[in-house]
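Below, each chain spelled out in residue letters.
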Amino acid sequence: MSRSIALESVSRLYHQADVLVKAVSDVSLTFEPGEFTTLFGPSGSGKTTLLNLIGGLDVPTSGQVRIGETVMNVLSPSERATFRLNHIGFIFQSYNLIPVLSARENVEFVMQLQGVHSAARRERAMEVLGRVGLAELSDRRPDQMSGGQQQRVAVARAIASEPDIILADEPTANLDSKTAADLLSLMQELNEVRKITFLFSTHDKQVMERARRLVRLRDGKVENDERRS
Amino acid sequence: MTRLWSTALVTTALASRNILRNPRRTLLTLTAVIVGVASTVALAALARGVAQQLVDDSIYNLTGHLKIQHPDSARDPAVEHTIDAREESVEALQQIPGVHAVLPRIVAPAVIRSERESFPITLFGVDPGLEGRNSVAGKAVSNGENLSDSDDSHLILGSKIVEKLETRIGRRVVVMTQDIENEIADRGFRIEGIFQAEVQSTELLFSFTGLETLRKMLRLKDDQLHEISILVEPEASLPEIQKQVQKLFPKAAVLTWQELQPLVVSMTKIQNGFLIIWFLIVIVSAGFGLVNSLLMSIFERVREIAVMHALGMTRVWIVIETVLQSFLLLVVGGLIGVLGGMAIVRQFSGGIDLSKFARGASIAGIGDRIVPQLIWSDVVLVVGLLIALGTLGSLYPAWLAAQVNPARSLQRL
Ligand SMILES: Nc1ncnc2c1ncn2[C@@H]1O[C@H](COP(=O)(O)OP(=O)(O)OP(=O)(O)O)[C@@H](O)[C@H]1O
Ligand SMILES: [Mg+2]
């Protein structure tokens, strides 16, 4: 069920107007199942790129990304999509809910792609919406909710299908500190109870304080990797 | 519930909601589809009506569905090109299943002369009882009396030629032709009746007298005829009857109306050509509108598509979602368009009177009144093709949607 994440000499190069940008440069890292890790570092240090590589939204220029037994970079885009569907939850900085679906439908979306029966799906969606305190707003469309509410729906969506891994790219960047703290507590609890592996990228001190492992990136390289107990 | 089924359901929900998301744009595309379908359906019905009118007219104008004649008379309608029509053969014709009417005729190219003018005509010797309602020859005259029987020796003329001859009912005219021995045969006729026809040329060219009167004038034998026109029941198979008729008249030519009236057939074809061109215009314009609005919506939704892909929706389903949008639009637009087309056709179900604004129509051989005919196979073809081609066209925007790069699209903002 739980899967480790292994990056082996991963590099991702971009050509940007004749300049070669090493967004991620020769990174080797391992994340054990159930770890709660924060990636931080200055803007442009490669945090988003690294998360995208792990989630299979992007493929490394060289090196290997392995999740459990699966080597991500040899899969086809569709196989990667299916792998994400079954094992990885995403939370993005700017909510990214599907505008034409209500809060509940957004949470149900992943389960629907998975083929979860509609009654079970609905029950589960309402349960996680309750967990993020939005049971009453389940019928609202994203444009009828505040930023904080939308991000809570996004968290609910990521956790509803109980993935092995949740990748969150600056999830608290657009939230006030109270909302951010609530969401972090929820994620911490999921991490401890369900043993879901969490991988954050952040500039937020609050997030860093809660993490049990802190990885600092600079210019696409790991500058520091620190575990706390 | 299988994964496929529930994915299909959510994809359909997404597609239909994305259509409704921009009502103005959707309405515009929908209008193009509706107008295109409605106009094509109405025009197709009109074209069918015109074609039917042409066929009916030419059959009514003495062609019939089948005609038995001398093999050479199509090339040279000379008096000596007769068919051997013994009474038992003619009677046997009537026994063929599906045959509605058998109309024996003697035909002579002739010149008609009044005190003032002379014109070339075609004089038909007919049996007025048989012609009845089956052809213009049996048509009740609008003025004067009809022929009474085959021995009637009066003349029925079209109103146009009467006008040109500057004569009238009751006056005598001279008809001159050649008999079977190549001698000049002329005879005075009294004009007994005047008929009117859908097409002016019929009124100018066709004149009628009794079958036996003309036989005597041409000195033909009792079993000699120039043609036998046959009308069949609507549901009868023409080629089948043609075969049986040919067996009864092995030496004669048995021709279908298509063979006798190639002009009508080619006019129908030309008309269908125009219809196809119109339909292509409709498909191209509605298709462009559709593809264009899909492209716009995809550019607006790049981020959203990236999110769906990141959450695990495969590219195939992203393609399906996009194609489904245009498919749904086309189905709805197509249905409304068909209803619109039907409404238009219904408006004109009493027939369109062309005589008021199209004098040329009658010269072109089209009657004055066109009744549009809605044929379901036409409608199914129009809508089916539009949906198929429109959906095919939307594969391009759909393919673009599937190319959205999630890493890049989600990078910032
Ligand atoms: N699609 C791309 N094309 C070209 N260059 C890219 C692309 N994506 C990222 N980069 C470059 O790679 C480097 C790392 O970018 P990345 O977004 O991973 O940084 P980050 O640490 O997430 O920054 P931030 O804190 O601002 O989100 C940057 O220099 C960026 O400009
Ligand atoms: Mg980033």
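Just so it is clear, the structure is predicted and the values come from calculations on it, not from any experiment.

### Looking at the packing of helix H10 (residues 262-300) of chain B against helix H15 (residues 395-402) of chain B
Residues and elements named next belong to chain B. Two elements in contact, H10 and H15, have axes separated by 9 Å at closest approach and are oriented at 15°. For the element pair H10 / H15, the angle class is roughly parallel. The crossing of H10 and H15 is right-handed. Residues Val 291, Leu 294, Leu 295 and Ile 298 of H10 form the contact with H15, whose own contacting residues are Tyr 396, Pro 397, Ala 398, Leu 400 and Ala 401.

### Quick notes on the interface of chain A and chain B
Reports often express the size of an interface as the amount of accessible area lost when the parts come together. With 34 residues of chain A at the interface, the matching set in chain B holds 28 residues. Among the salt bridges present, the one from A:Glu105 reaches B:Arg17, with a minimum N-O distance of 2.6 Å. The interface formed by chain A and chain B holds eight residue pairs in polar contact (both at pLDDT 80 or more) in total. Elements represented by at least two residues in the side of chain A that touches chain B include exactly helix H1 (47-55), helix H2 (77-87), helix H3 (103-114) and helix H4 (118-131) of chain A.

### Some remarks on the environment of B:Pro250
Residues and elements named next belong to chain B. For Pro 250, the location among the structural elements is in the loop between helix H8 (238-248) and strand S12 (253-256). Classification of Pro 250 as exposed rests on a relative accessible area of 62%. Between the C-alpha atom of Pro 250 and that of Phe 124, which follows or precedes it by 126 residues, the distance is 24 Å.

### Some remarks on the packing of aromatic side chains
Residue and element names in this part refer to chain B. Summed over the entire model, instances satisfying the criterion amount to eight aromatic pairs over all chains. Both rings, one in Phe 124 and one in Phe 206, keep their centres 5.1 Å apart while their planes meet at 65°; by these two values the pair is edge-to-face. Placement of the pair is Phe 124 in strand S4 (residues 118-126) and Phe 206 in strand S9 (residues 206-210), with a sequence separation of 82 residues. Comparing Phe 124 with Phe 206 shows no difference in burial state: the two are buried. With 5.6 Å between their ring centres and 50° between their planes, Phe 195 and Phe 208 make a pair best called tilted. Within this pair, whereas Phe 195 is found in strand S8 (residues 184-195), its partner Phe 208 is found in strand S9, the two being separated by 13 residues in sequence. No difference in accessibility class separates Phe 195 from Phe 208, as the two residues are buried. Ring pairs connect the aromatic residues Phe 124, Phe 195, Phe 206 and Phe 208, which therefore count as one cluster. Geometry around Phe 189 places Arg 187 over its ring, the cationic atom sitting 4.8 Å from the centre.

### With respect to the sheet that holds strand S3 (residues 36-40) of chain A
Residue and element names in this part refer to chain A. In spatial order, the strands read S6-S7-S8-S3-S9-S10; together these six strands make up an open sheet with mixed pairing. Among the strands making up the open sheet, the edge pair consists of strand S6 (88-91) and strand S10 (221-227). Taken over all neighbouring pairs, the strand axes of this sheet differ in orientation by 15° on average, direction set aside. With six bridges connecting them, strand S9 (residues 213-218) and S10 associate as antiparallel partners. If you follow Leu 217 over to S10, its bridge partner there is Val 222. Strands S3, S6 and strand S8 (197-201) of the sheet are contacted by helix H6 (residues 177-194), whose axis makes an angle of about 145° with S8.

### Concerning the pattern of salt bridges
A complete count under the given rule lists 34 salt bridges over all chains for this structure. For the salt bridge of A:Arg216 with A:Glu223, the shortest nitrogen-to-oxygen distance reads 2.7 Å. We classify A:Arg216 as partly exposed; its relative accessible area is 30%. Note that B:Arg215 is salt-bridged to B:Glu212, the shortest N-O span being 2.9 Å. Here B:Glu212 and B:Arg215 lie together in helix H7 (residues 211-218), a separation of three residues that amounts to about one turn. Overall, B:Glu212 belongs to the partly exposed group, its relative accessible area being 24%. One salt-bridge network, held together by shared partners, links A:Glu35, A:Arg213, A:Asp225 and A:Arg227.

### With respect to the sheet that holds strand S2 (residues 19-31) of chain A
Residue and element names in this part refer to chain A. The strand order S2-S1-S4-S5 describes an open sheet built from four strands, whose pairing is antiparallel. For this open sheet the edge positions go to S2 and strand S5 (70-71), each flanked by a neighbour on one side alone. As judged from the nine bridges shared by strand S1 (residues 5-16) and S2, these two strands associate in the antiparallel manner. Opposite Leu 13, over in S2, you have Lys 22 as the bridge partner.

### Considering the domain arrangement of chain B
Along its sequence, chain B is carved into domain 1 (2-58 + 264-412) and domain 2 (71-251). Between the C-alpha centres of domain 1 of chain B and domain 2 of chain B there is a distance of 51 Å.

### Overview of the environment of A:Leu29
All names here are of chain A. In this structure, Leu 29 sits in strand S2. Between the C-alpha atoms of Leu 29 and Leu 7, which are 22 residues apart in sequence, the distance is 5.0 Å. The residues contacting Leu 29, other than those within four sequence positions of it, are Ile 5, Ala 6, Leu 7, Leu 50, Arg 213, Val 215, Val 222 and Asp 225.

Conventions adopted
- Residues numbered from 1 in each chain as written.
- Chains lettered and ligands numbered in written order.
- Predicted model: local features only at pLDDT ≥ 70, side-chain atom pairs only at ≥ 80, totals over all residues.
- Heavy atoms only, no water.
- Axes fitted to C-alpha atoms, helices over the stretch in contact; angles between N-to-C directions.
- Helix = DSSP H or I, 4+ residues; strand = E, 2+ residues; numbered from the N terminus.
- Parallel < 35°, antiparallel > 145°, perpendicular 65-115°, else oblique.
- Left-handed = near helix turned anticlockwise from the far one by under 90°.
- Contact = heavy atoms within 4.5 Å.
- Salt bridge = Lys/Arg side-chain N within 4 Å of Asp/Glu carboxyl O.
- Polar contact = N/O pair within 3.5 Å; in protein donor to acceptor, adjacent residues only side chain to side chain.
- Buried < 20%, exposed > 50% of the residue type's maximum accessible area, 1.4 Å probe, protein only.
- Phe/Tyr/Trp six-rings, centres within 6.5 Å; stacked < 30°, edge-to-face > 60°.
- Lys NZ or Arg CZ within 6 Å of the ring centre and 35° of its normal.
- Pairing = 2+ DSSP bridges.
- Domains from an automatic or database assignment.

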